Amino acid sequence: MRRYSILSLARNALSHHQGWPRLWRSPEPRRAYEIVIVGGGGHGLATAYYLAKEHGIVDVAVLEKGWLGGGNTGRNTTIIRSNYLWDESAAIYEHALRLWEGLSADLNFNVMLSQRGVLNLAHTLHDLREGARRVHANRLNGIDAEWLTPAEVKAFCPIVNVARDARYPVLGATLQRRGGVARHDAVAWGYARAADARGVDIVQNCEVTGIEVSGGRVTGVRTTRGAIGARKVAIAAAGHTSVLAAMAGIRLPIQSHPLQALVSEPVKPVLDCVVMSNAVHVYVSQSDKGELVMGAGIDAYNSYGQRGSFHVIERQMAACLELFPIFGRMRMMRSWAGIVDVCPDASPIVSKTPIGGLYINGGWGTGGFKSTPGSGWVFAHTIARDEPHPLNAPFSLDRFATGALIDEHGAAAVAH
Amino acid sequence: MSGAFRLAAGGRIDRAAPLRFRFDGRPYEGLKGDTLASALLANGMHLVGRSLKYHRPRGIVAAGADEPNAIVQVGEGAWTQPNARATEVELYDGLVARNVTAWPGVGFDLGAAASLLSPLLVAGFYYKTFMAPGRWWRRLYEPALRRMAGLGRAPAAPDPDVYDKRHAHADVLVVGAGPAGLAAALAAARTGARVMLADEQAEFGGALLSEGDEIDGRPALEWVGRAAAELASLPEVVPLPRATVFGYYDHNYLAIAERRADHLGPGAPPGLARRRLWRVRARRVVLATGAHERPLVFADNDRPGVMLASAVRAYLNRYAVAPGRRAVVFTNNDDAYRTAFDLADAGIELAAVVDARSHPAGERVGEARRRGIEVLAGSALTGTRGRRRVAAVEVRRLDPGGSAVEGPARTLACDLVAVSGGWSPAVHLFSQSQGTLRFDEARACFVPDRAAQAVRPAGAANGTFTLAGCLAEGLAAGAAAARLAGFGDGTAPPAPLVRTARDGPIRPLWFVPSGRPAARDGGRHFVDLQADVTAADIRLAAREGLDSVEHVKRYTAAGMGTDQGKTANVNALALLSQAVGRPIAGTGTTTFRPPYTPVGFGLLAGRDRGELFDPVRVTPMHAWHVAHGAVFEDVGQWKRPLYYPRAGEDMAAAVARECRAARGGVAALDATTLGKIDIRGPDAAAFLDRVYTNAWARLGLGQCRYGMMCGQDGMVLDDGVTTRLAPDRFLMTTTTGNAARVLDWLEEWLQTEWPGLRVYCTSVTEQWATVAIVGPRAREVLGPLAPGLALDNEGFPFMTLREAEVAGIPARVFRISFTGELSFEVNVPAWHGLALWEAVMRAGEPFGITPYGTEAMHVLRAEKGFIIVGQETDGTVTPLDLGMDWIVSRTKDFIGKRSLLRPDASRPDRKQLVGLLPEDPGEVLPEGAQLVAARPARAIGLKAGRPIPMIGHVTSSYSSAALGRSFALALVKGGRGRIGATVYAPLVGRTLAARIVEPVFYDREGKRRNG
Amino acid sequence: MLLIPCPWCGPRDESEFRYGGEAHIGAPANPGSLSDADWADYLFMRNNPKGWFRERWMHAQGCRRWFNAVRHTVSNEIAAVYRMGEPPPPAPGPGREGET
């Protein structure tokens, strides 16, 4: 891998940037691999990278049906935080956040992690209790967490409306200063480049149409570019997890829903942190390009359509203006949707399956992007060792039979 | 005079109505009918901004929504609008605008220094550097990049304007009121169908407003006027000018942003909604959205004075503005010859028409030659010169393959370059509607292919670029749409007569070489002017393997600007397809998504602001609470009194006083907000048996029982007291916040799983007002109010209902208690709620009756160990975890029972409800505090160094007047086995200790409820 | 904003409805006799097809009746609605409305 730096940039400028190599090779897929990863988004690519880096396994192909990072990796609102309530969630997201903190250097690709702080606003006494509970739990889990009064919220983010007479006034907020945002596309490209450099084959425009199982073990996949044998197959296809699992005859506790997001026209810096509110449903940040980036609620119905209903956007904007009245004349420039696959307990499945050599990583709901490095890291471990890492052991498929759910929406109810 | 470049005659401007405006602080004059862009051009101002990355001078390029450069900040103070397109801003008197990209001004811009770094600032440069040291990104690089990025400024104050919304149904919605749209609307409207016609411009006519076309031998605008008048006369037609259809959603649902006040500026009448959002459900849609002209990608094509050929015509014909004194037309098609003719007709010197085609032979080419216009065929512009405005262009021969230029360069002096690279149908809405596109090689553009909804494109939006074709297609589409909506027989009215020029074919030309070595060419060939993306950037992306359309867009930012690449996308795509050697058709397009043009947040929010953001629910007694100084809390949509402070009291003092009154005298609570569901039918008792964990069949008439319901997962869902009103009738109460959810839950089971049960559920929450009279002296208050009602324990036992008159109002009186004290909950029809409340307060006055709020209610119930669903439970707590085994029937099935048998439900270390007594009786544990089994070696900070295992958390915690100390409820792992043990709550800087106790603190024998 | 044809009230905006997920799950008659795995299957496991889907809706702001619909999860086309208890119609073909 040719290293990137300001020097390489200057050197290439002299040759009119004719000398830059491809970020990844895009080879024709071979007939067989030790491990086939289905899904060339952040999770799949990170999994491939950590298989190579942490476990020395490079006989790996990542198969992507479209273009790398074209699913939820390229459609989310790029928020990163680890301040989850339950120990199991906090552990895996914190592991991810620590990997995030070294990721640009590790990948030699600037993923633009900007730890500008994430505020979670509280609007009711119930929110206050839940916020306090989460802050206390985070601290004991080794995660930075602060509680801010309304005045402190105002000081930290001066444009938030903390007026007492608001319909749902801001009563306080949790703050994770290490939370922030990153550049979503760069995550896919950076992992792809680094995995490719270690020998992983990254194959785009290669849709998996079937999963071959023989004697209770996976033997390969069928694709639009022919059959590919594999000793192990790992599904990391957020949104489409159920569709792929169904190819192996597995039913999952997952439903796929549209999740809409939008950006405003770019303006000069006005918001230098991430603000989230569960009661007044808003999450917003300002990108480095100057756009306000915000997400809407999940559309109610199952869909693979990558688009949602307009009234969800209208509601989202009303909520936005409750918290940021000065945004009234800002304009929505672009809207889109991703497909989130959601588990009944709003926690992911990173797990072995009843079929030998078949692994599933999905159901991240709205938490997928922020978990990317951690998810890939534990999934690689699970695949390489054929047993879960302690960090993802609680996120197994069998928790639905035992009842040991990790109910993130039942508890702190901090979505996204 | 409204500018030195105003033509003496023509145009749709009102020369009698001069308007003053300021741009970048300097005063100018325009005319009514101008846009800000046309007024600036009339004053000779092309240069209106600087480019994003390289700070190159940029001028007005287009005349409409496709404008990439002329982005301005309009208005001041709270009314300021960032990122308006000067080409769409209708001029009004006193308009103030400034450029958003240069400082201190567009003429002298300090940011231009950045252009020195331009060799480094290629696509994606930031991914390759700024990585180390790690913290510098956030502290140094990112802030610097953020300051450079962004266009206008967000207002600093809330938007003072209001925005309205309307719903509408249309049989036929026609989008775009150009020739095709007007024709479609006419054809549809004449059938009697309900027709809406929306157009983004201030007046109907579309491209005809900017062209000198003729229809039926007369100026086309006469036809436009007749069509508009006829439509306006038809009662079922809604004509909507200044209305942009920006979103096409599923099931033919479209969203329209109508501008009502922007063009009036400060002269808008007060109270007029600035904009209106129409949400239209249309049976059929005709998309007559026209087309956007494409620029040609040649060296230094971004210099001010380089404009789209059609925009030049618009400024000449519609606004009577000469965009220059001496022009060059550069084209690959016949259409741009119209610009040459219009320029010549306006008396503007024409240096030449440079035509990329070797042997252009269309009718208009011949006409140009006849008129003595020099046509340089087989040639191309290879560069432009000039500082802030184009001063000259270079022309060279283009080789037949288009990959090189040859021969000597000829320099043509000019201050205007009119460019046409062909037309791209505005397929945005068609694509939003999920219709597919195909690339039409002959016309060199993407055209609609297969529709996915009840929609039909017509005219230029469909790739039909002749006026005659537009009219014919529009008429046919309108008639067909009406027929499919149930009106008329689908016969199109006869088309008017229009002469069509015989045009020659277009020569697709996606990149114009400048004669430099190929590797170095393209760095100043701008593809996306707003995002400062060059042909070299596109090629770099392809070279680095980012060679899908979406990768190129994301890597270079082409098409990501406020114009969403209306002039850029197809050129970028074509350059990509050249770079990777794939045909355009196989390279694909990016997906078009709403909105077509940016839409204000305020418009999307509409009136759902402030108090109207979410409905406020108040009880009939609300005014009394307000008058008596209550502090409220939000519980769901309800406003509930939290406490009633007296002068000088803080919350703790008020709550303590309210609690003392309830325990020692008498107090009153407005309990109206509790959910109430009337459950009727022969199978009502059997139904309750299934939804509640305990048994109901044998509940006697007039008896009350506490019930708990679980979800199917066995976790507590809700609780409340339910009373048997009749053998076949129960009144269920639910928690305040869960009322609607519980009703939905009951109905779901009845309708989907147990349709055989004869049970009907009706919400009666709003029908009843409830006053709880609480305390040892409750009988003394209620007695005089209900003289006919026996109140003693025998006559009116605990957990029973009596119907009686209270204060002269027919009432249901429940003897139930959420405090442990003697308590009567008096329910009257909601209309009488305030009267009852006031009567109770009057009757209680001699006894010092004290209104209490939800905080005191919480303290009182916690002292008794009564749980609050949502506080002691969080979706992971079973009735058994709460120690309420007594309420879980062993003998019957109920919803969720099976889940309680799962292994996890019987783990010994499940969190269980316990009480806590802090070591320091004056210290109230924070609610939400986490508990650990052993005192940490030292106090923690904002985070613990390493994770410390937690065994539970505090769910409720108060200071109790009755106990004279603090206490708490908590969920603790294996808590019931830890009674007597000490646990610790590590807080920042200190650790609190508490002893685990039984979760009932007060009157464990339950004697006080009898008074 | 989907347009959902309530079998009782006719076509109404989606915002009047509550979604109920997959149809025809059917609560088991005797939950106590099920294994943990079977119970989990009933409780949590769902079909989640990319294509035609039989699902439940409730007209919450209207007649408050539950009903079933056959909807395509990519195009959102609704091929049929039918009342609770009625047998599901056969799965439709892949077609979509529209014309060019």
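Structure first, text after, so check above.
A. A look at the nonpolar core. Core analysis: the largest hydrophobic core is formed by 164 residues, its most contacted members being Trp100(A) and Leu36(B). Among the elements that make up this core, the one with the highest residue count is helix H7 (residues 184–197) of chain A (eight residues). Ignoring any residue separated from it by four or fewer positions in sequence, one finds Trp100(A) in contact with Ile80(A), Val111(A), Leu113(A), Ala182(A), Val187(A), Phe369(A), Lys370(A), Thr372(A) and Pro373(A). Ile228(A), Phe687(B), Tyr692(B) and Ile895(B) belong to the second largest nonpolar core, which has 60 residues in total.

B. Expanded view of the sheet that holds strand S41 (residues 801–806) of chain B. Residues and elements named next belong to chain B. The six strands are arranged S41-S42-S43-S40-S34-S44 in an open sheet whose pairing can be described as mixed. Looking at which strands have only one partner, the edges of the open sheet turn out to be S41 and strand S44 (850–851). With respect to the sheet, helix H20 (residues 833–844) is in contact with strand S34 (667–670), strand S40 (768–774), S41, strand S42 (809–814), strand S43 (823–829) and S44, its orientation differing from that of S40 by roughly 15 degrees.

C. Region of the structure containing the sheet that holds strand S19 (residues 349–355) of chain B. All names here are of chain B. Pairing within the open sheet is parallel, and its five strands lie in the order S17-S24-S18-S19-S20. With one partner strand each, in any of the chains shown, strand S17 (306–308) and strand S20 (375–377) form the two edges of the open sheet. On average, each strand axis in the sheet is tilted by 20 degrees relative to the strand beside it, whichever way the strands run. Sheet topology note: the S17/strand S24 (residues 416–420) ladder contains three bridges and is parallel. The residue of S24 that forms the bridge with Val-306 is Val-417. In this fold helix H6 (residues 337–345) packs onto strand S18 (326–331), S19, S20 and S24, with an angle of close to 170 degrees to the strand it touches most, S19.

D. Looking closely at unusual backbone geometry. In the segment running from Pro594(B) into Pro595(B), the intervening peptide bond is cis, with an omega of 0 degrees. Structurally, Pro595(B) is set in the loop between helix H13 (584–587) and strand S31 (599–600). Positive phi values are uncommon outside glycine, yet Gln306(A) reaches one of about 50 degrees. Of the residues examined, Gln306(A) reaches a relative accessible area of 23% and is grouped as partly exposed. One non-glycine residue, Ala444(B), adopts positive backbone phi at about 55 degrees. Mapped onto the fold, Ala444(B) is located in the loop between strand S26 (437–440) and strand S27 (445–448).

E. Up close: the pattern of salt bridges. Residue and element names in this part refer to chain B. This structure, assessed with the given rule, holds 106 salt bridges over all chains. Between Arg-303 and Asp-300 there is a salt bridge; the shortest N-O distance is 3.7 Å. As far as the burial class goes, Arg-303 and Asp-300 line up, both buried. Ionic pairing is found between Arg-364 and Asp-503, a salt bridge with its closest N-O pair at 3.0 Å. With Arg-364 in helix H7 (residues 363–370) and Asp-503 in the loop between helix H9 (467–484) and strand S29 (526–528), the pair connects residues that are 139 residues apart, well separated along the chain. You can call Asp-503 partly exposed: its relative accessible area is 39%.

F. Quick look at the interface of chain C and chain A. With 24 residues of chain C at the contact, the number on the chain A side is 25 residues. Both sides of the chain C and chain A interface together cover about 2,100 Å² of buried area, and 51% of this is carbon and sulfur. On the chain C side of the contact with chain A, Phe44(C), Met45(C) and Asn48(C) bury the most area, a combined 32% of that side's loss. At the boundary of chain C with chain A, the tally comes to one salt bridge. With a shortest N-O distance of 3.5 Å, Arg251(A) and Asp41(C) are connected by a salt bridge. Taken together, chain C and chain A are joined by 19 residue pairs in polar contact (both at pLDDT 80 or more). Where the side of chain C that touches chain A is concerned, the elements lending two or more residues are strand S3 (18–22), helix H1 (36–43) and strand S4 (52–58) of chain C. Here the side of chain C that touches chain A gets four residues from one element, more than from any other, and that element is H1(C). Here the side of chain C that touches chain A is composed, by residue class, of eleven nonpolar, six polar and seven charged.

G. Geometry of the interface of chain B and chain A. With 120 residues of chain B at the interface, the matching set in chain A holds 106 residues. Between chain B and chain A, roughly 10,000 Å² of surface is buried when both sides are summed, and carbon and sulfur atoms account for 56% of that area. Contact with chain A buries area across many residues of chain B, yet Arg146(B), Phe601(B) and Phe613(B) alone supply 10% of it, more than any other trio. Inspection of the region where chain B meets chain A yields 15 salt bridges. Residue Arg307(A) pairs with Asp250(B) through a salt bridge whose shortest N-O separation is 3.0 Å. Connecting chain B to chain A are 57 residue pairs in polar contact (both at pLDDT 80 or more). Element by element, the count of residues in the side of chain B that touches chain A is highest for helix H2 (residues 136–148) of chain B, at seven residues. Of the pairings in the sheet, the one linking strand S16 (residues 331–342) of chain A to S31(B) comprises two bridges and is antiparallel in character. The residue bridging Met332(A) from the neighbouring strand is Val599(B), located in S31(B).

H. Representation of the pairing of strand S38 (residues 729–734) of chain B. Residue and element names in this part refer to chain B. Counted residue by residue, S38 has five buried out of six residues, so it is predominantly covered. Where strand S35 (residues 675–680) meets S38, six bridges bridge the pair, whose relative direction is antiparallel. Across the sheet, Ile-679 pairs through a bridge with Phe-730, a residue of S38. Remark: two residues form the turn of the hairpin made by strand S37 (residues 716–726) and S38, two consecutive strands paired antiparallel.

I. Region of the structure containing a nonpolar patch on the surface. On the surface, a nonpolar cluster with roughly 400 Å² of combined accessible area is contributed by Trp103(B), Phe108(B) and Leu110(B). Leu110(B) gets classed as partly exposed once you look at its relative accessible area, which sits at 47%.

J. Geometry of the packing of aromatic side chains. Residues and elements named next belong to chain B. For the coordinates displayed, the defined rule picks out 44 aromatic pairs over all chains. With centroids separated by 5.1 Å and ring planes inclined at 80 degrees, the aromatic side chains of Tyr-126 and Tyr-127 adopt a geometry described as edge-to-face. Here Tyr-126 falls in the partly exposed class, since its relative accessible area comes to 21%. Summarising the aromatic geometry, the rings of Phe-130 and Trp-137 are spaced 6.1 Å apart at their centres and angled 35 degrees between planes, so their arrangement reads as tilted. Considered together, Phe-130 and Trp-137 belong to a single accessibility category, that of buried residues. Note that Arg-539 overlies the ring of Phe-511, its terminal NZ or CZ placed 4.0 Å from the centroid.

Scoring rules and cut-offs
- Residues numbered from 1 in each chain as written.
- Chains lettered and ligands numbered in written order.
- Predicted model: local features only at pLDDT ≥ 70, side-chain atom pairs only at ≥ 80, totals over all residues.
- Heavy atoms only, no water.
- Core = buried A, V, L, I, M, F, W, Y, C linked by side-chain atoms within 4.5 Å.
- Buried < 20%, exposed > 50% of the residue type's maximum accessible area, 1.4 Å probe, protein only.
- Helix = DSSP H or I, 4+ residues; strand = E, 2+ residues; numbered from the N terminus.
- Contact = heavy atoms within 4.5 Å.
- Pairing = 2+ DSSP bridges.
- Axes fitted to C-alpha atoms, helices over the stretch in contact; angles between N-to-C directions.
- Salt bridge = Lys/Arg side-chain N within 4 Å of Asp/Glu carboxyl O.
- Buried area = accessible area lost by both parts, 1.4 Å probe.
- Polar contact = N/O pair within 3.5 Å; in protein donor to acceptor, adjacent residues only side chain to side chain.
- Nonpolar A, V, L, I, M, F, W, Y, C, P; charged D, E, K, R; others polar.
- Patch = residues over 30% accessible without salt bridge, like charges linked within 9 Å, V, L, I, M, F, W, Y side chains within 5 Å.
- Areas by Shrake-Rupley, 256 points an atom, 1.4 Å probe, with all protein chains shown as cover.
- Phe/Tyr/Trp six-rings, centres within 6.5 Å; stacked < 30°, edge-to-face > 60°.
- Lys NZ or Arg CZ within 6 Å of the ring centre and 35° of its normal.

Just distances and angles here, no functional claims.
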